[in-house]
Amino acid sequence: MSSAIPQLSPQETYEFITAALQCKQVPYIAGPPAIGKSQVTHQVARDANALMIDLRLSQMLSEDMTGLPERDEKRGKAIYLPFDTFPLEGDEIPDGYSGWMLFLDELSSATEEVLAAAYSLILDRMVGGKKLHPKCLVVAAGNRATDSAIARELPDTLITRMLPCEMTVSNKDWTYWAEHEAKGSNSAVVDFIKKNPKMLYAPTKAKKREELETYPTPRGWEKVFAHVNMHEKLTQKQEEGTDSAGVPTGQMVTSGQAISAMCFNLMSASVGSMAARTFKDEYDENIQLPYPWEIAQSPSSTRIPSGQVSKAKLMTDLGKYFIESDNQTRDNVLIYINRIGGEFSELFLSEIKSKIGETASDKRLMTQTAERLNIDPLLGTAPKGGSSSGDNPF
């Protein structure tokens with residue numbers, strides 16, 4: 001596909017499809033495999049209250065499109081009898097729906113005969129000499145000829161019958177979908193992609209991959225949701241926490257285990273071994289993070305995580321906990337932050353700033369916290385590890 005055609009994010013593709021259908025025209029969504037073209041189209045159908053008819057044209061014969069010949073007894077001629085796949089004029093709209101959406105998926109992987117049969121459907125809305133139902137929406141999609149897929153360049157006679165665009169990957173759209181719309185999402189996977197946005201979609205050329213080797217894609221990470229959910233269902237448990245001396249705290253905590261070998265193999269098969277390894281390393285480190293209340297109880301002895309990503313995640317957790325705590329607890333949190341120091345003190349301060357307002361007391365809190373963390377108010381920098389003691393400024 002040429003870059004001259006519209007390059008759209010998933011959200012923009014959704015809007016493109018909707019607008020094209022309102023104009024009673026057929027949108028064609030091109031793009032590489034596994035980025036969510038079908039999901040976006042299905043979402044349009046749900047929002048339009050249309051019954052989805054998902055046709056994989058790569059698996060169809062031309063007669064599946066035109067219908068089978070039969071004898072017209074009255075006229076003594078042969079006619080075509082379309083399959084009940086296609087909603088035709090006179091058909092009743094299914095109960096609970098406003099119409100249908102006919103999704104011609106894998107169009108670029110169809111045979112020449114099927115493509116020829118699709119001409120009249122796309123341009124004239126005709127199937128076997130009969131008209132599609134006026135309440136039947138039509139959308140087409142397919143991979144690009146340049147992708148490592150069974151796809152060809154579409155002929156001009158078909159392209160000019162449609163409105164082509166190319167869908168691209170958007171971390172912002174994917175993250176929103178994963179957090180608000182995806183079924184069976186997993187917060188650990190979503191957090192990983194937020195911190196490693198280049199891992200969402202990282203294709204490698206087929207010639208540089210081993211046979212059957214996969215790479216990170218939005219579809220692959222959706223599979224990883226299920227793998228990590230299964231792992232956590234089998235390994236996580238609720239138990240009472242203890243302090244550094246082993247004394248029960250009365251706080252219930254969730255404990256987990258490192259990613260198992262089988263879970264890792266499943267993830268590798270979905271997003272490739274490199275991405276799976278990176279996720280596993282961060283996940284295994286994160287499940288050992290101390291809880292904010294543990295830090296507040298034993299700020300001088302609680303373990304400091306070794307990984308940079310784990311420290312960053314802990315700063316986010318501590319920022320929220322800090323705002324909700326009393327002065328003594330805040331002081332203990334700052335003792336722990338000073339043990340880490342450097343860029344993580346600055347990150348912690350920015351987390352606090354993002355959670356408070358602009359009142360005089362808010363500004364005073366920011367100033368006092370910056371002083372306590374030895375952060376230069378002009379340069380915004382902190383030493384690598386400040387003092388772990390000091391007066392409570394609050």
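Overview of the structure. (Residues numbered from 1 in each chain as written. Predicted model: local features only at pLDDT ≥ 70, side-chain atom pairs only at ≥ 80, totals over all residues. Heavy atoms only, no water.)

## Describing unusual backbone geometry
For step 1, the next point in the chain: Positioned with a positive phi, K24 is a non-glycine residue whose angle comes to about 60°.
For step 2, the next point in the chain: Positionally, K24 belongs in the loop between helix 1 (10-22) and strand 2 (27-30). (Helix = DSSP H or I, 4+ residues; strand = E, 2+ residues; numbered from the N terminus.)

## Some thoughts on the pairing of strand 4 (residues 68-72)
For step 1, the next point in the chain: Sheet topology note: the strand 4/strand 5 (residues 77-81) ladder contains 5 bridges and is antiparallel. Residue R71 lies in a different strand from strand 5, and its bridge partner there is A78.
For step 2, the next point in the chain: Remark: 4 residues form the turn of the hairpin made by strand 4 and strand 5, two consecutive strands paired antiparallel; G76 in that turn has positive phi of roughly 65°. (Pairing = 2+ DSSP bridges.)

## Some details on the packing of helix 8 (residues 218-235) against helix 9 (residues 261-271)
For step 1, the next point in the chain: The contact between helix 8 and helix 9 brings their axes to 8 Å, and the two run at 170°. With respect to helix 9, the element helix 8 is oriented roughly antiparallel. Within the contact between the two elements, helix 8 uses G220, W221, K223, V224, H227, V228, M230 and H231 and helix 9 uses C263, L266, M267, S270 and V271.
For step 2, the next point in the chain: When grouped by side-chain class, the residues that make up the contact of helix 8 with helix 9 number 8 nonpolar, 4 polar and 1 charged. (Axes fitted to C-alpha atoms, helices over the stretch in contact; angles between N-to-C directions. Parallel < 35°, antiparallel > 145°, perpendicular 65-115°, else oblique. Contact = heavy atoms within 4.5 Å. Nonpolar A, V, L, I, M, F, W, Y, C, P; charged D, E, K, R; others polar.)

## Things to note about the nonpolar core
For step 1, the next point in the chain: Of all hydrophobic cores here, the largest spans 29 residues; its most connected members are L102, L107 and L121.
For step 2, the next point in the chain: Elements that contribute at least two residues to this core include exactly strand 2, strand 3 (50-56), strand 6 (99-105), helix 4 (112-124) and strand 9 (136-142).
For step 3, the next point in the chain: Listed in part, the 23 residues of the second largest apolar core include A178, V190, C263 and Y283. (Core = buried A, V, L, I, M, F, W, Y, C linked by side-chain atoms within 4.5 Å. Buried < 20%, exposed > 50% of the residue type's maximum accessible area, 1.4 Å probe, protein only.)

## Comments concerning the packing of aromatic side chains
For step 1, the next point in the chain: A full pass over the atoms with the stated rule returns 9 aromatic pairs.
For step 2, the next point in the chain: Across from the ring centre of F264, 4.4 Å away, lies the NZ or CZ of R277, which sits over that ring. (Phe/Tyr/Trp six-rings, centres within 6.5 Å; stacked < 30°, edge-to-face > 60°. Lys NZ or Arg CZ within 6 Å of the ring centre and 35° of its normal.)

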